[in-house]
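# Architecture at a glance
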Amino acid sequence: MGGDSSSVDVASVNASALSASAVTTNASTVFVSPTQKYISPGQIAPTLTANDKVLLGVKNAFMPFEALGWFASAGYSHESNSSPNYGTDRGAFGQRLGAAAIRGSSENIFGDSMMSNIFHEDPRYYQMGPAHNFFVRLIYSGTRPLFTRMDSGRATPNFAQLTGTMGGAMLTNLYYPQANRKMGQTMETFGGSIGRNA
């Protein structure tokens, strides 16, 4: 390492010393909480334990930002009277909102909390900074539902998100209207959720 104060030996960082809040160690290095979903350039993310992944999935399943997605999904399906087919009155919007909340939360918990542990994948999103041009960042963000990193840092297909999203889509067969409980409808829900995550 020498006398360079701007570099940090990540392997020597004791993960237990990282608190729940970000700690700035110098002008360019920031350590983040293990349950922080989005990692910005310049931030050092600790290795996740199985417990960290469970907490990350549960925490992110109920974030206010997620609720915006529920309202957008419910509003779109209500306005277009599409799946889930509850109708178009006020009560139907509430049912759609509840269904979107259950679907979104279950996808997060299945993918981040459960499947990332089974597949040994890192469920966090590592953002690219302005050092990369717009099109590179666009392609990168669009492929994250399909590709991620393993706990070791090696690139891998995003089995955790794909299987977690499929689990959430299959769960809709318990609470969607009968007309929407078919394999084709389940696959449509799965595809829409993957597209939304891109």
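Residues numbered from 1 in each chain as written. Predicted model: local features only at pLDDT ≥ 70, side-chain atom pairs only at ≥ 80, totals over all residues. Heavy atoms only, no water.

### Considerations on helix H3 (residues 90–119)
We count it as follows: Only DSSP runs of H or I covering at least 4 residues are called helices, and only runs of E covering at least 2 are called strands; the numbering of each starts at the N terminus. Between the first and last residue of a helix there are one fewer steps than residues, each counted as 1.5 Å, and that sum is the expected span. Note that bend, as reported per residue, equals the angle between axes fitted to the 7 residues terminating at that residue and the 7 residues originating from it.
Between its first and last C-alpha atoms H3 spans 41 Å; for 30 residues at 1.5 Å apiece the expected length is 44 Å, and the two agree. At glycine 111, H3 shows its maximal bend, which comes to roughly 30 degrees.

### Describing unusual backbone geometry
Cis peptide bonds are those with omega within 30 degrees of zero, and the linkage from serine 83 to proline 84 qualifies with 0 degrees. Within the chain, histidine 120 stands out as a residue other than glycine whose phi angle is a positive 55 degrees. Mapping histidine 120 onto the fold places it in the loop between H3 and strand S5 (121–122).

### Digging into the side chain of histidine 78
To be explicit about the condition: Pairs of residues are marked as contacts when any of their non-hydrogen atoms sit within 4.5 Å.
With respect to the helices and strands, the residue histidine 78 is situated in helix H2 (residues 64–80). Discounting chain neighbours no more than four positions away, the residues touching histidine 78 are Gly87, Thr88, Asp89, Ala92, Phe93 and Arg96.

### Here's the deal with the confidence of the model for the chain
To be explicit about the condition: Values of pLDDT, which run from 0 to 100, indicate the predictor's confidence residue by residue.
Looking at the chain, the pLDDT average stands at 85 and 85% of residues meet or exceed 70. The element-level mean pLDDT for the chain is lowest in strand S1 (residues 23–24), coming to 42, with S5 highest at 97. Throughout residues 1–27 the model reports pLDDT below 50, and contacts reaching past four residues in sequence, or to other chains, amount to 27 contacts.

### Points about the pairing of strand S7 (residues 147–150)
Applicable threshold: We treat two strands as partners when DSSP finds at least two bridges between them.
As defined by bridge partners, S5 adjoins S7 across 2 bridges and the pair is classed as antiparallel. Note that in S7 the partner of glutamate 121 across the bridge is methionine 150. Here S7 runs beside strand S8 (residues 155–157); their pairing, made up of 3 bridges, is antiparallel. Following the sheet pairing, threonine 148 is matched in S8 by threonine 156. Counting the residues in the hairpin turn of S7 and S8 gives 4 residues, including glycine 153, whose phi is positive at 100 degrees.

### Brief notes about the pattern of salt bridges
Going by this rule: The salt bridge criterion pairs a side-chain nitrogen of Lys or Arg with a carboxyl oxygen of Asp or Glu, the two atoms within 4 Å. Relative accessible area decides the class of each residue, using a 1.4 Å probe on protein chains only: under 20% of the type maximum gives buried, over 50% gives exposed, and in between gives partly exposed.
Scanning the entire structure with this criterion turns up 5 salt bridges. For glutamate 107, the salt bridge identified is with arginine 103, shortest N-O distance 3.9 Å. With glutamate 107 and arginine 103 both in helix H3 and 4 residues apart, this pair spans about one turn of that helix. The two residues glutamate 107 and arginine 103 agree in class, both being buried.

### Structural notes on the packing of helix H5 (residues 159–171) against helix H6 (residues 183–197)
Any two packed helices are characterised by how steeply their axes cross, that is the angle between the axes, and by the distance between the axes. What counts, and what does not: Interaxial angles span 0 to 180 degrees and are taken between N-to-C directions of axes, which are lines fitted to C-alpha atoms, for helices over the stretch in contact. Between 65 and 115 degrees an angle is taken as roughly perpendicular, under 35 as roughly parallel, over 145 as roughly antiparallel, and anywhere else as oblique. Note: crossing handedness is left-handed where the near helix turns anticlockwise from the far helix by less than a right angle, and right-handed where it turns clockwise. Here the nonpolar group is Ala, Val, Leu, Ile, Met, Phe, Trp, Tyr, Cys and Pro; Asp, Glu, Lys and Arg are the charged ones; every other residue, Gly included, is treated as polar.
Two numbers describe how H5 lies on H6: the axes approach to 9 Å, and their chain directions differ by 135 degrees. The pairing of H5 with H6 is recorded here as oblique in orientation. Here the hand of the crossing between H5 and H6 comes out right-handed. Across the interface between the two elements, Gln161, Leu162, Thr165, Met166, Ala169 and Met170 from H5 touch Thr186, Met187, Thr189, Phe190, Ser193, Ile194 and Asn197 from H6. Residues of the contact of H5 with H6, tallied by class, amount to 7 nonpolar, 6 polar and no charged.

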